[in-house]
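Breakdown of the fold
Here is how the chains run, residue by residue.
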Amino acid sequence: MIEDDYDLDDELPPSKTSIKKAMLDITALGEELVNLPIKKLAQIPLTENLAQAIEQARGMKANSAKKRQIQFIGKLMRKQDLTPITDALEAMKQKDLHHTHLHHQAENWRDKLIQDPSCGSEFIDSHPNCDRQAFNQLLRAAAREQQRIEEAKQQSKKAIAPKETRKLFALIRDTINANP
């Protein structure tokens, strides 16, 4: 009987496929860093040589050169702890998702209030920090504006810009952001 060099209970070394997948994931993370806006990139803890490599990749126009530079960035990233970088990126993504959620919430309130202005008290009840007087004035103005827009559509006249509706949206957004 032939005996194996290791027991079945021992952990097997990683396969070539899993190693390649891990390297591709790191390279994809490097490409994500290259594509980040400069302000967001500044918030991520990077080593000096990695930051320089990313800056060089951002300036490259030729696709093949940029691809090689991203491969180089992946190589640099394999030699360091990626936890701070991934944590910072995840925190940014969560912040962006939260901001998007609040924006959608404000859009939904605006649409609901334009359809039925009597829902204004519901908004004020759910957001007590709202400036009631300004809110009610903008709600009335937006309702009048919507009537004028509908009349212009029916008469095939030039479209009216929804200026008051935008002001109402800004107030709703600011109120929701002040007290999410």
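Read on for an overview of the structure. Note that the structure is predicted; figures quoted are calculated from it, not measured.

With that settled, consider the packing of aromatic side chains. Describing an aromatic ring pair means giving the distance of the ring centres and the angle of the ring planes. With the rule as written, the count across this model stands at two aromatic pairs. Judged by centre distance (5.0 Å) and plane angle (75°), the ring pair of tryptophan 109 and phenylalanine 123 falls under edge-to-face. With tryptophan 109 in helix α5 (residues 83-115) and phenylalanine 123 in helix α6 (residues 120-126), this pair connects stretches of sequence that are 14 residues apart. By relative accessible area, tryptophan 109 is classed as buried at 11%. Ring plane angle 20° and centroid distance 5.1 Å describe the contact between phenylalanine 123 and phenylalanine 135, whose orientation is recorded as stacked. Taken together, the positions of phenylalanine 123 in helix α6 and phenylalanine 135 in helix α7 (residues 132-154) put the pair 12 residues apart, joining distant regions of the chain.

Interhelical geometry of helix α1 (residues 16-35) versus helix α4 (residues 63-78) gives an angle of 115° and a closest axis separation of 8 Å. Crossing hand, α1 versus α4: right-handed. Listed contacts from α4 to Met23, Ile26, Thr27, Leu29, Gly30, Glu31, Leu33 and Val34 of α1 are Lys66, Ile70, Gln71, Ile73, Gly74, Met77 and Arg78. Class assignment of the residues belonging to the contact of α1 with α4 gives a composition of eight nonpolar, four polar and three charged.

Tracing the backbone shows glutamine 69 in helix α4. Under the relative-accessibility criterion, glutamine 69 is labelled buried at 10%. In contact with glutamine 69, not counting residues within four places along its chain, are Ala53, Gln56, Ala57 and Met60.

Glancing now at the packing of α1 against α5. For any two helices packed against each other, the geometry is given by the interaxial angle and the distance between the axes. Closest axis-to-axis distance for the α1/α5 pair is 12 Å, and the angle between their directions is 55°. In terms of their interaxial angle, α1 and α5 are classed as oblique. The handedness of the crossing between α1 and α5 comes out as left-handed. In contact with Leu29, Glu32 and Leu33 of α1, α5 contributes Ile85, Thr86, Leu89 and Lys93. Within the contact of α1 with α5, the residues separate by chemical class into four nonpolar, one polar and two charged.

Reading the values: rules and limits
- Residues numbered from 1 in each chain as written.
- Predicted model: local features only at pLDDT ≥ 70, side-chain atom pairs only at ≥ 80, totals over all residues.
- Heavy atoms only, no water.
- Phe/Tyr/Trp six-rings, centres within 6.5 Å; stacked < 30°, edge-to-face > 60°.
- Helix = DSSP H or I, 4+ residues; strand = E, 2+ residues; numbered from the N terminus.
- Buried < 20%, exposed > 50% of the residue type's maximum accessible area, 1.4 Å probe, protein only.
- Axes fitted to C-alpha atoms, helices over the stretch in contact; angles between N-to-C directions.
- Left-handed = near helix turned anticlockwise from the far one by under 90°.
- Contact = heavy atoms within 4.5 Å.
- Nonpolar A, V, L, I, M, F, W, Y, C, P; charged D, E, K, R; others polar.
- Parallel < 35°, antiparallel > 145°, perpendicular 65-115°, else oblique.

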